[in-house]
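Analysis of the macromolecular model
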Amino acid sequence: MSLRSRLQLKLVSLWQRRGPGAIALLPFTWLHALWRTLTRRRPPARATQLPVPVVVVGNLYVGGTGKTPLTIELARQLRARGWHPGIVSRGYGASRGPARAVPVTGAAADFGDEPLLLAQATGAPVVVGRDRLAAARMLLNLHREVDVVVADDGLQHTRLGRDFEIALIHYRGFGNGWLLPAGPLRDPPERLASVDAVVFHDQLDTPRPAVRVYSPLFAMRTEPGAIYALKDPLRVVTVAGLAAEQRRHGLRILAFCGIGMPDRFFGMLRAGGLTIDTLALADHYDFTANPLAGRAYDLALMTEKDAVKVRANATLAADGRLCVVPLAVTLDSALLDLVEARLPPRPGAASGPQHGPSPA
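Notes on the structure follow. (Residues numbered from 1 in each chain as written. Predicted model: local features only at pLDDT ≥ 70, side-chain atom pairs only at ≥ 80, totals over all residues. Heavy atoms only, no water.)

With that settled, the discussion passes to the overall build of the protein chain. Helix and strand content of the protein chain: 12 helices and 15 strands. For the protein chain, with 360 residues in total, the buried portion stands at 51%. Within the protein chain, residue pairs in contact and separated by at least 24 positions form 70% of the contacts whose partners lie at least 6 positions apart. Accessible area of the protein chain: about 16400 Å², with a carbon and sulfur share of 57%. (Helix = DSSP H or I, 4+ residues; strand = E, 2+ residues; numbered from the N terminus. Buried < 20%, exposed > 50% of the residue type's maximum accessible area, 1.4 Å probe, protein only. Contact = heavy atoms within 4.5 Å. Areas by Shrake-Rupley, 256 points an atom, 1.4 Å probe, with all protein chains shown as cover.)

Turning to empty space enclosed by the protein, a few remarks are in order. According to the stated counting rule, one finds 2 cavities of 30 Å³ or more in the structure shown. Empty space within the second largest cavity amounts to approximately 30 Å³. Surrounding the second largest cavity, Leu60, Tyr61, Leu168, Ile169, His170, Gly173 and Phe174 form its lining. For the lining of the second largest cavity, a count of residues per class yields 5 nonpolar, 2 polar and no charged. (1 Å grid on protein atoms, 1.4 Å probe; cavity = no way out; pocket = protein on both sides within 12 Å on 5 of 7 lines; lining within 4 Å. Points joined across faces, edges and corners; volume = space filled by probe spheres on them. Nonpolar A, V, L, I, M, F, W, Y, C, P; charged D, E, K, R; others polar.)

What follows deals with helix α6 (residues 113–122). Summarising burial for α6: 8 of the 10 residues are buried, a large majority. Buried within α6 we find Asp113, Glu114, Pro115, Leu116, Leu117, Leu118, Ala119 and Thr122. Two residues or fewer after α6 comes Gly123, characterised by a positive phi angle close to 75 degrees.

To continue, consider helix α8 (residues 239–249). Among the residues of α8, Val239, Leu242, Ala243 and Gln246 are the ones counted as buried. The buried residues of α8 occupy an angular sector of 105 degrees when the element is viewed end-on, so they sit on one face. Summarising the geometry of α8, the exposed residues directed more than 90 degrees from the buried face are Ala240, Arg248 and His249. If you follow the buried residues of α8, they end up packed against β8 (217–224), β9 (227–229), β10 (236–237), β11 (253–257) and β13 (299–303). Positive phi shows up at Gly250, right after α8, with a value of about 65 degrees. (Arc of directions from axis to C-beta.)

Scanning all chains against the criterion turns up 14 salt bridges. With a closest N to O distance of 3.3 Å, Glu114 and Lys305 form a salt bridge. Of this pair, Glu114 sits in helix α6 while Lys305 sits in helix α10 (residues 304–310), placing them 191 residues apart in sequence. Residue Asp196 is joined to Arg342 by a salt bridge in which the shortest nitrogen-to-oxygen separation is 3.0 Å. Placement of the pair is Asp196 in the loop between β6 (164–169) and β7 (197–201) and Arg342 in helix α12 (residues 333–342), with a sequence separation of 146 residues. Residue Asp196 is classed as buried on the basis of its relative accessible area, which comes to 19%. Note on Arg342: relative accessible area 41%, which makes it partly exposed. Each of Arg81, Asp337 and Glu340 takes part in salt bridges that share partners, so that together they form one network. (Salt bridge = Lys/Arg side-chain N within 4 Å of Asp/Glu carboxyl O.)

A separate point is unusual backbone geometry. The omega torsion of the bond from Leu180 to Pro181 falls at -5 degrees, within 30 degrees of zero and hence cis. With respect to the element layout, Pro181 can be found in the loop between β6 and β7. The phi dihedral of His284 falls on the positive side, at around 65 degrees, and the residue is not glycine. Examined against the element boundaries, His284 turns out to sit in the loop between β12 (276–280) and β13. When its relative accessible area of 15% is taken as the criterion, His284 is described as buried. Residues other than glycine seldom take positive phi values, yet Phe287 does so here, at roughly 60 degrees. One can find Phe287 in the loop between β12 and β13. By relative accessible area, which is 1% here, Phe287 ends up buried.

Pasting the structure below:
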């Protein structure tokens, strides 16, 4: 495991309790809070409203809470209900520059791994940029058909006006309940009082500090989908099928990922019956170097977020033993009903929710 990965996991552990390490960081939290007050908080009147509705997906807990899977499923279901969604995202790890459209054949180094996955998984137009407002304006200029903008990780970017806010809470809850860097929170828990909906991603691990929710509450569940070979996506097997094959043939299976919560990915595979060796890489690991070199395995499993970067490494892309584990997302349909009820009707559409079939 890399030094950066070990430091990330150390921070996650430190953030789960109000111990000596977290307390030592409190002065920096106070400085961070002052900086946020002076530079990031803007009164609502300063927000710029776009000519189409905006749905913001965000979180309080820094790192991988499941925003990207939620954004993907939200875009898919909006499209199934007759909308034409477009997506804006920051593009963590992308090369710096102005807002730019994300081609499905683009490189993660240019656009970021999550925006590239959003474009490939949804088929919706995606524009990436640190300035979400500039990105949204470019999106609408390039794609006149877009009638709703979904902002991935936009809860703290208040320059962009919004019609609906969704806050996602994952299994770690609020950790120790403190703001960065003494704790994992980008906003205080009281921020939930002003969002339009709260989505719980699976079950909470930590009951304290208590998660007090003032907004409508919905559930999202993720589990491994059908595993496919990186070189040949038509080669597909279920987790249960792979577990049975492993028992019959004694397969050595390595699971590796560069995501915010690697234990979540590894835990899902083990819960599916697989016996795995694990390799946790730094979040947004770029795979310019081959982290699997010298490791013994019959199959190596990765997330879809990793796959968009692994394909750019010729050595890894040629390895027929590498497989991708997509996430199957189950999202409470009542959330989409509420979103549609709060959004202005589409031009030429009947008012009220436009129900359609949920995507498979």
